[in-house]
Amino acid sequence: MPIIIPYVPRTITVHLGLPEQWAENVTVSFPDYVKNVASSEIYPTWEPAAIRANVLAIISFALNRVYTEFYPSRGYDFQITSTTQYDQKFIRGRNIFENISQVVDEIFNDYIRRQGYIEPLAAKFCNGTTSTCNGLSQWGSQELAQEGQNSIEILRHYYGDNIELVVDAPIQDITNSYPGTPMRMGAVGQNVAMFQSMLNRISQNYPAIPKISPVSGVFEEDTRDAVRTFQRIFNLDPDGVVGKATWYKMVYLYGGILQLAELVSQGQRFVTVQFQFSGPLEEGDSGPEVGILQYMLALLAQFDSSLSPITVDGEFGPSTTRAVRTYQQLVGLTPDGNVDETTWNSIYSNFALADYFLRRDTVRAQSLRENAVPVMLQGDAAPELEAERWDDTPRMSQYPGRPLNLGQMDGQHGQRGVKV
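The rules behind these values
- Each chain has its residues counted from 1, running along the sequence as written.
- Local features in this predicted model are restricted to residues whose pLDDT is 70 or higher, and side-chain atom pairs enter the listing and the counts only when it is 80 or higher, whereas totals over whole chains, interfaces and linings include all residues.
- Side-chain metrics in this entry use all non-hydrogen atoms of the structure; hydrogen atoms and water are not considered.
- Elements are defined by DSSP. Helices are runs of H or I of four residues or more, strands are runs of E of two residues or more, and each kind is numbered from the N terminus.
- Relative accessible area decides the class of each residue, using a 1.4 Å probe on protein chains only: under 20% of the type maximum gives buried, over 50% gives exposed, and in between gives partly exposed.
- Contacts are assigned to residue pairs that have any heavy atoms within 4.5 Å of one another.
- With residues, only the protein chains shown are counted as cover, and all accessible areas are computed by Shrake-Rupley using a 1.4 Å probe.
- Method remark: on a 1 Å grid restricted to protein atoms, a set of points is classed as a cavity if a 1.4 Å probe fits but cannot get out and as a pocket if it is open with protein on both sides within 12 Å along at least five of seven lines; lining residues have an atom within 4 Å of a point.
- Grid points are joined across faces, edges and corners, and a volume is the space filled by probe spheres set on the points.
- As a working rule, the residues Ala, Val, Leu, Ile, Met, Phe, Trp, Tyr, Cys and Pro are called nonpolar, Asp, Glu, Lys and Arg charged, and the rest polar, with Gly in that last group.
- Only strands that DSSP links by at least two bridges are regarded as paired with each other.
- Helix axes are fitted only over the stretch in contact, all axes being lines through C-alpha atoms; the angle between N-to-C directions runs from 0 to 180 degrees.
- Residues grouped as a nonpolar core are buried Ala, Val, Leu, Ile, Met, Phe, Trp, Tyr and Cys residues, joined through side-chain atoms within 4.5 Å.
- Every angle not falling under 35 degrees, over 145, or within 65 to 115 is termed oblique; those three ranges are roughly parallel, roughly antiparallel and roughly perpendicular.
- Definitions for this section: a left-handed crossing has its near helix turned counterclockwise from the far helix by less than a right angle. A right-handed crossing has that turn clockwise.

Visitor: So what exactly am I meant to see when it comes to the overall build of the protein chain here?
Guide: Helix and strand counts for the protein chain stand at 13 helices and 10 strands. A burial count over the protein chain gives 52% of its 420 residues as buried. Taking all contacts inside the protein chain whose residues are at least 6 apart in sequence as the whole, residues at least 24 apart take part in 67%. When the accessible surface of the protein chain is totalled, it reaches about 19,400 Å², and 47% of it is carbon and sulfur.

Visitor: What exactly am I supposed to notice about empty space enclosed by the protein here?
Guide: Leftover empty space is mapped by rolling, across the atoms, a probe with the size of a water molecule. Applying the stated rule across the entire model yields two cavities of 30 Å³ or more. A volume near 90 Å³ is recorded for the largest cavity. Classifying every residue of the lining of the largest cavity by side-chain character gives six nonpolar, three polar and two charged.

Visitor: Just checking my understanding: could you explain the sheet that holds strand S3 (residues 25–29) for this structure?
Guide: Across a sheet, paired strands are connected by hydrogen bonds in the backbone, their directions being either parallel or antiparallel. The three strands are arranged S3-S2-S4 in an open sheet whose pairing can be described as mixed. The open sheet terminates on both sides in strands that have one partner only, identified here as S3 and strand S4 (80–81). Note that strand S2 (residues 11–15) and S3 share five bridges and pair antiparallel. Looking at the pairing, His15 lines up with Asn25 of S3. Relative to the sheet, helix H1 (residues 30–41) contacts S2, S3 and S4, its axis offset from that of S3 by approximately 105°.

Visitor: For this particular structure, what's the right way to read the nonpolar core?
Guide: A general trend in soluble globular proteins is that nonpolar side chains are found buried together. Judged by nonpolar contacts, the single largest core of 50 residues is most densely connected at Phe30, Tyr33, Val55, Ile112, Leu155 and Tyr159. Of all elements in the fold, only S2, H1, helix H2 (48–67), helix H3 (98–107), strand S5 (111–114), helix H4 (138–146), helix H5 (151–159) and strand S8 (163–167) reach the threshold of two or more residues within this core. If you tally residues by element for this core, the top one is H2, at 13 residues. With 25 residues, the next largest nonpolar core counts Tyr178, Ala226, Trp247 and Tyr248 among its residues.

Visitor: Got a minute to help me understand the packing of H2 against H3 in this structure?
Guide: The description of two packed helices rests on the angle between their axes and on the distance between the axes. As a packed pair, H2 and H3 sit with axes 10 Å apart at the nearest point and diverge in direction by 55°. Taken together, H2 and H3 sit at an angle that is classed as oblique. Handedness of the crossing formed by H2 with H3: right-handed. Residues Ile51, Arg52, Val55, Leu56 and Ile59 of H2 form the contact with H3, whose own contacting residues are Asn99, Ile100, Val103, Val104, Glu106 and Ile107. Residues belonging to the contact of H2 with H3 are distributed by class as follows: eight nonpolar, one polar and two charged.

Laid out in structure tokens, this is it:
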């Protein structure tokens, strides 16, 4: 999904009716929205554990709607509706119960997710008496609380043992995933990599769409051809340009294929790339860390022809071993094909330079690519070479004026994932 790390929006826009019907939209703070829904859905006299469990379900469901851009990807200008036929009950102007308000103030930026997944759980629920569902039973949660179960035990009872709680998630204004300007041949960067990844996953269900390999973040002819095919299949203008309509059609289909807005979601495992070294990697390993390694190597291969392009599939196979060994030989490290902290940090340092070129100066990056730019940092001379290369870039004020270190983030707040 082309979305940043899940966050809690400062505000949320609620459509006061069915999605397709005309109704007023109201924008309220996210905590006030949760308080309203909770006061409309449950009773303030319930056990604290039941109230807490229900509030977490309400938060997670709403955040899933925001995260998946469930309604914006369908062309609507709101994040959620006020009707239980589609979402959760919201009553404009209703009274808020004090004890529910206090609980929401404590946990409004906590949410549930499945272990190993990124998206907030689409934590569906029903009252458990006049209506039943596969999610949480509201009256059932009260009965479990009366039996002495805490909120986490209640949530596990209904959603399974493989859930975890994310606490203190970052809070920010709602950010649309669409980057704001159309992307076409010559575009580079993470947004390109995002829609390339979406197209590759969509192509599993629509095999007429050609695979893009590697997912490099570079918009070249193979990417244009895949975009055009996608556009033809879904009756969009086949201009090979990823504008807003094409982007959100991809978001809509990607979310639908992975069932990200369903309780039985297949799960979104990547949202943004985390580049910190997490442990040694070698042939036979698999998982997100391998995918990140492959992504970095694939981008570097766009700059130096001696590095063979590899598929970003999360599997450390022979081709990944060869790519690592080739890289190690190129920068003077022991060419054993294994990734220790020294190799990882070296790859990341060169990846960061290459990525910066691509993000900030497309024309220069493309011309350098054709001549296999020497972006690889060699040995102890790396800091001096890095400074010289910043000076050599053609645009003013690119260098931020301070050293940039591994793992440093720019204006983002992290989140803590705590297993429960």
